[in-house]
Structure formats: structure tokens, C-alpha cells
Amino acid sequence: MTNDLKQLKSLLQAHDPASHVRADPVAMSAALDDIIGNTTRTPQMAKRRWLRRHLLTLIPVTAVLVAATVVLPIIMQPSDGGPLVLGPAKALAFARNGDYIDVRIVDPDADPRRYREDFAAHGLNVDLQIKPSSPSLVGTMLSVSSPGKVTILHQDGREIKDQYISDWIKIIGGTDCGNMWCQAGVSIPLNLRGPVVIIFGRAARPGERYEVAGDPTARGEALEGVDLANQTVAEVKRILRQRHVTIESYYEAPPEPSSRDLHGWNYNEHVLQPVSVPDTRYVHEAFGGHYKNSVSLVVAPWPTSRPR
Amino acid sequence: MSDEASFTSMFQEHYEAVLRYAWRRVGPADAADVAAETFKVAWEKYDRVPQDQPLPWLYTTARNLTLNLIRRDNRRDAIADSLSEDLTRHGAEEDHAATLAARQAALAALNSLSDADRELVLLMSWEGLDLRQAAAVVGCSRATAAMRLHRVRRRLRHLLVEESQPITDRQPSLGRSVI
């Protein structure tokens, strides 16, 4: 190799745009779980397939658990705050950010005691609850609230207040959950007067019911990228069959042109029996079901004028 | 070891390298998606992934995905922008004019290469692959890769001869699309 080429290589190495990039364990865990849980492998020899199924029944590998065993003591990543540092129980990572502290989940499958231990080590009165969720919500923050207090929604965070005090919890964006509200993390004031309850999503174990189901057309979900609005029930059934998705329930769509949500339309009061839903009805939207590869359909005899 | 366990091990060992590969080519916005998609393909075709040395296979897959992404969005890759930005940021602070000129000449040479030639140089510089591994990623033989490197050296020599030319006389080639 000549000096010219060596010089170019040295130059490139010195100006590597990704030299600072470190993998985020949270994103890794979610990605691994999604890949193993939701990706169909190329068929191989029958014997090999049987072996794999057999092993799956004997060893229910939860990718999250495996991934969580290789967390780094310090997780550097591009962010506004300082480096993320693991808490003593290694369940959460914290980064000081001015008067706030950014919090990320490192082990979404940890015992709640370990979250409390990590929060307590930073003097934060936070109860972190992890709920089994559908793939697009795994590793994301789903809710912030406080018992007995009012939570006011703001674009960049949540204000939790009573008649005496007010705490601002900032949100850390960067996630995409379709039409659901979810965030990558949370930033908590160092002088939090709390207590605050934060709900995060974790991957469901095999056969486990989702407590929080995401937008079924969001990334990683059973109908990723599919637009069902204004297709007939018959057409949607065909699409669902192709994707091995089942229908958990049907809901009656709110009457139009009134707004579907603002007038308090409670879908649970408008459940339709499957036999009463003709294939000619129009699908207005789909909700994620409570089990893997299941959805609920909102239907009406007319097409919607506001497809989502 | 089950497939899940060995795949998980491979994922944990090589995810960051693939993420960096994607970051360098398509920038931060799409890097994680490309990395995740690469491993998704690897899991789908896990029996075809070389167990002893999976990284070149993973880079090949990531390369195909980044090329598809760039073609689909009808955009250029992120290499020119990131290098140009880095050069401006560090170069002005630390270097005297001659060094800056040498850098610009070298980067101009890089930018003037064909996609495959440039990828070969980048794989050996940023990803640290040897010639045989880099050749496998761009889909050519080791001999072809060696010939391409020879061509790169010739071009470098040609451009570096012009180094004495004032920097201000040169056209800023880094901002131009190389696709």
C-alpha cells in the first residue's frame, strides 16, 4: 500500500463520523425482541424446524433477558445531557441535564424493586410500572401521572399539580408509535416533590396478554404500513388471513359527521357480535388486540370521511 | 447452543458495528432502522450467515439496505456531508493551510471514485476490514479489489500533485452528490 492510500485511510479514520456512536441498550433490547419474536425465518429442513420448535418449548428464550445481561457500565450516546450512567441496580440509566435528570430503561424486565432502588439512589420518588405491550410500544414511556393529583398535558411534558405544588416532567422524544402516545424516556426535575407514577412498555412473554396494545399499523406491529380505512370487512379479512392476524372484536363506529372521540364515544359500550357484522361493512380503523397478531375493527355501514 | 441463543450472541457482539456502518452511510436518522433491518434479514436467513465470521455478511446486507434506501428516497448518502462538516469543524481549528489542502485533496479523491471503489476504501478504513473481506462485501473477487485499489492510488497521486494549488482556487467537491 502506498503512502497516498495510507494517508487517505488515516484521514478517514481520524474523521470517522460514527466514532462517538454507541448502541443504546434499550433500543438493542427492543430490536432483538422484535426480530426474534416477530420475524418469520426461511423454512429449512423439517427436522431442523422441529428441533427449533422443541427448543422453544423447553427454553422460552426472552431476548430481553439475554440482552439485559450485557449492559455497559456507562452508556455514551448523542444527547443534550451528560453521559448515561447505570443506577446501582442496573435497571435504569441516568444522565444529569441541568436541573433535570434524564432517565432511560436499561432492563425492561427487571423486578420493580430494582427500579425503586435505582430511583431512590437519585433521591427520586418515582414508581415505575412496566406493562406488557405490543411491539411498537416496547421500551417506551406510555403514561405519567400522580395519585390524587391532576396531570396537565403539555406538548413537551406533563405538569403534575395539586393546589399547593407543581412538578414538570419533561418527555424525551424520538419514538414513533403510529397514532399512540409514547416517548423514548423521561426527564425528571431534581427537586421532584412527587410521588410520580410512570408506565413503560415491555415485551410480552410468549402467550402473555398485552396490557397496552399499540396502533396495529405502526412499525413492528402485525399490520405495519397497511391502510385499512374504508376497505370492506371482506377485504380486510383477506388481508388479515394473509398476515395470520385474527379479529378480537368489532366495534360500531361513532355516527358521522360528529367527532368520533370528542363527544365521549365509548367503544366498550358499542361492541358488535361478529355474526352481526356483514362482510359489506366498511372498516374505519383498527385497534391493536390484546394478544399477539390480533386486532379489533371499528366498522360502519358507510365509509368514513375522516380516514386516519 | 440454540439458534436463538447464538443469534442473540451475534446480535450483541456486532449490532454496534452495523449501527456505525449505517450511521456513516445514511446518517443518524436512519441508522438504527438499517441496523435493525439488517439483523432481521440475518435472522430470516440465519442458516446462510457464516457463523465463524458474520460481520462481512452483515455489512453486505446493510450495504444493500442503505443503497435501496438511498435509491428509494432519491437522495445522496451522508458520507459527503458528514466528512465535509467534520473537516470544516476540526480543520479550521487545528490545522495549518498545507494540512487542510492535503485533506481536501484526499477527500476530493475519495469523492471522485466510483461507488464500489469508494466503498472498498471506506470498508478498509472505517470498518477495518482486510482486502478479502472488503471485496466480499462489495461483491467482487480479491483480485478485482486489488486492481481497484491500484486505480485509487493512481487517482490519489494525480490529485495530490495539485496540492500546491491554493485552497481557495478549488471547487468544493464534498458538497456534490457522488451517487
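Residues numbered from 1 in each chain as written. Chains lettered and ligands numbered in written order. Predicted model: local features only at pLDDT ≥ 70, side-chain atom pairs only at ≥ 80, totals over all residues. Heavy atoms only, no water.

Visitor: Can you help me understand the overall build of chain B in this one?
Guide: Check the secondary structure of chain B and you find 8 helices and 0 strands. Taken from the N to the C terminus, the helices and strands of chain B come in the order α-α-α-α-α-α-α-α. Split into buried and exposed, the 179 residues of chain B put 54% on the buried side. Of all intrachain contacts in chain B linking residues separated by at least 6 positions in sequence, the fraction that spans at least 24 positions is 67%. (Helix = DSSP H or I, 4+ residues; strand = E, 2+ residues; numbered from the N terminus. Buried < 20%, exposed > 50% of the residue type's maximum accessible area, 1.4 Å probe, protein only. Contact = heavy atoms within 4.5 Å.)

Visitor: Looking at this model, I keep getting lost on the confidence of the model for chain B. Mind explaining?
Guide: The predicted coordinates of low-pLDDT regions are not to be read in fine detail. Counting all residues, the mean pLDDT for chain B is 74, and 68% of those residues have values of 70 or more. Within the model, pLDDT remains below 50 along residues 162–179 of chain B, and this stretch shows 32 contacts once partners closer than five positions in the same chain are excluded. (pLDDT = per-residue confidence, 0-100.)

Visitor: Would you explain the packing of helix α3 (residues 55–72) of chain B against helix α7 (residues 131–138) of chain B in this entry?
Guide: Two quantities define a packed helix pair, namely the angle between the axes and the distance from one axis to the other. Residue and element names in this part refer to chain B. Viewed as axis vectors pointing N to C, α3 and α7 meet at an angle of 35 degrees, and their least axial separation amounts to 8 Å. The handedness of the crossing between α3 and α7 comes out as right-handed. Residue-level inspection shows Pro 56, Tyr 59, Thr 60 and Arg 63 of α3 in contact with α7, the latter providing Gln 133, Ala 136, Val 137 and Val 138. (Axes fitted to C-alpha atoms, helices over the stretch in contact; angles between N-to-C directions. Left-handed = near helix turned anticlockwise from the far one by under 90°.)

Visitor: Just checking my understanding: could you explain the nonpolar core for this structure?
Guide: A general tendency of soluble globular proteins is for nonpolar side chains to be buried together. Judged by nonpolar contacts, the single largest core of 58 residues is most densely connected at Phe 7, Met 10, Phe 11, Tyr 15, Phe 39, Leu 58 and Val 121 of chain B. Element by element, the count of residues in this core is highest for helix α1 (residues 3–26) of chain B, at 10 residues. Membership of the second largest hydrophobic core comes to 24 residues, among which are Ala 110, Met 141, Ile 169 and Phe 200 of chain A. (Core = buried A, V, L, I, M, F, W, Y, C linked by side-chain atoms within 4.5 Å.)

Visitor: Quick question: what am I supposed to make of the pairing of strand β3 (residues 92–97) of chain A here?
Guide: Residues and elements named next belong to chain A. Both strand β2 (residues 84–86) and β3 contribute to a ladder of 2 bridges, which runs antiparallel. Note that in β3 the partner of Val 85 across the bridge is Phe 94. Taken together, β2 and the strand that follows it, β3, pair antiparallel across an intervening segment of 5 residues, in which Lys 90 is found at a positive phi of about 55 degrees. Both β3 and strand β4 (residues 100–105) contribute to a ladder of 6 bridges, which runs antiparallel. By the bridge assignment, Arg 96 is partnered in β4 with Ile 101. If you look at the hairpin formed by β3 and β4, you'll find 2 residues sitting between the two strands, and Gly 98 has a positive phi there, around 65 degrees. (Pairing = 2+ DSSP bridges.)

Visitor: Would you mind showing me how to read the sheet that holds strand β14 (residues 282–288) of chain A here?
Guide: All names here are of chain A. Ordered by their spatial adjacency, 4 strands build an open sheet running β13-β12-β15-β14, and the pairing between neighbours is mixed. Strands at the two margins of the open sheet, each flanked by one partner only, are β13 (271–272) and β14. The pairing of strand β12 (residues 246–252) with strand β15 (residues 294–300) spans 6 bridges and is parallel. Note on β15: the bridge partner recorded for Tyr 251 is Val 298. Lying over the sheet, helix α6 (residues 233–242) contacts β12, β14 and β15, oriented at roughly 155 degrees with respect to β12.

Visitor: Hey, could you run me through the packing of aromatic side chains in this one?
Guide: Each aromatic ring pair is described using two quantities: the centre-to-centre distance and the angle formed by the ring planes. As enumerated under the stated definition, the model contains 13 aromatic pairs over all chains in all. Pairing Tyr 251 of chain A with Phe 287 of chain A gives two aromatic rings, centres 6.0 Å apart and planes at 50 degrees, and the pair type is tilted. Within this pair, whereas Tyr 251 of chain A is found in strand β12, its partner Phe 287 of chain A is found in strand β14, the two being separated by 36 residues in sequence. Ring geometry for Tyr 15 of chain B against Phe 39 of chain B: centres 6.0 Å apart, planes inclined by 35 degrees, an arrangement best described as tilted. Of this pair, Tyr 15 of chain B sits in helix α1 while Phe 39 of chain B sits in helix α2 (residues 28–44); the two residues are 24 residues apart in sequence, bridging distant segments of the chain. (Phe/Tyr/Trp six-rings, centres within 6.5 Å; stacked < 30°, edge-to-face > 60°.)

Visitor: Would you mind showing me how to read the packing of helix α6 (residues 115–125) of chain B against α7 of chain B here?
Guide: All names here are of chain B. Running from N to C, α6 and α7 cross one another at 140 degrees; their axes reach a closest spacing of 9 Å. By the angle between their directions, the pair α6 and α7 is classed as oblique. α7 is crossed by α6, and the crossing has right-handed handedness. Residues Ala 116, Glu 119, Leu 120, Leu 123 and Met 124 of α6 form the contact with α7, whose own contacting residues are Leu 131, Ala 134, Ala 135, Val 137 and Val 138. By residue class, the composition of the contact of α6 with α7 is 9 nonpolar, no polar and 1 charged. (Parallel < 35°, antiparallel > 145°, perpendicular 65-115°, else oblique. Nonpolar A, V, L, I, M, F, W, Y, C, P; charged D, E, K, R; others polar.)

Visitor: Can you help me understand the sheet that holds strand β11 (residues 196–203) of chain A in this one?
Guide: Sheet strands line up and pair through hydrogen bonds in the backbone, either parallel or antiparallel. Residue and element names in this part refer to chain A. Spatial ordering of the open sheet is given by β5-β11-β6, a layout of 3 strands whose pairing is mixed. Single-partner strands in this sheet number two, and they are β5 (126–133) and β6 (141–145). Shown here is a sheet whose adjacent strand axes are inclined to one another by a mean of 20 degrees, direction ignored. Where β5 meets β11, 8 bridges bridge the pair, whose relative direction is parallel. Residue pairing across strands places Asp 127 opposite Val 197, the latter belonging to β11.

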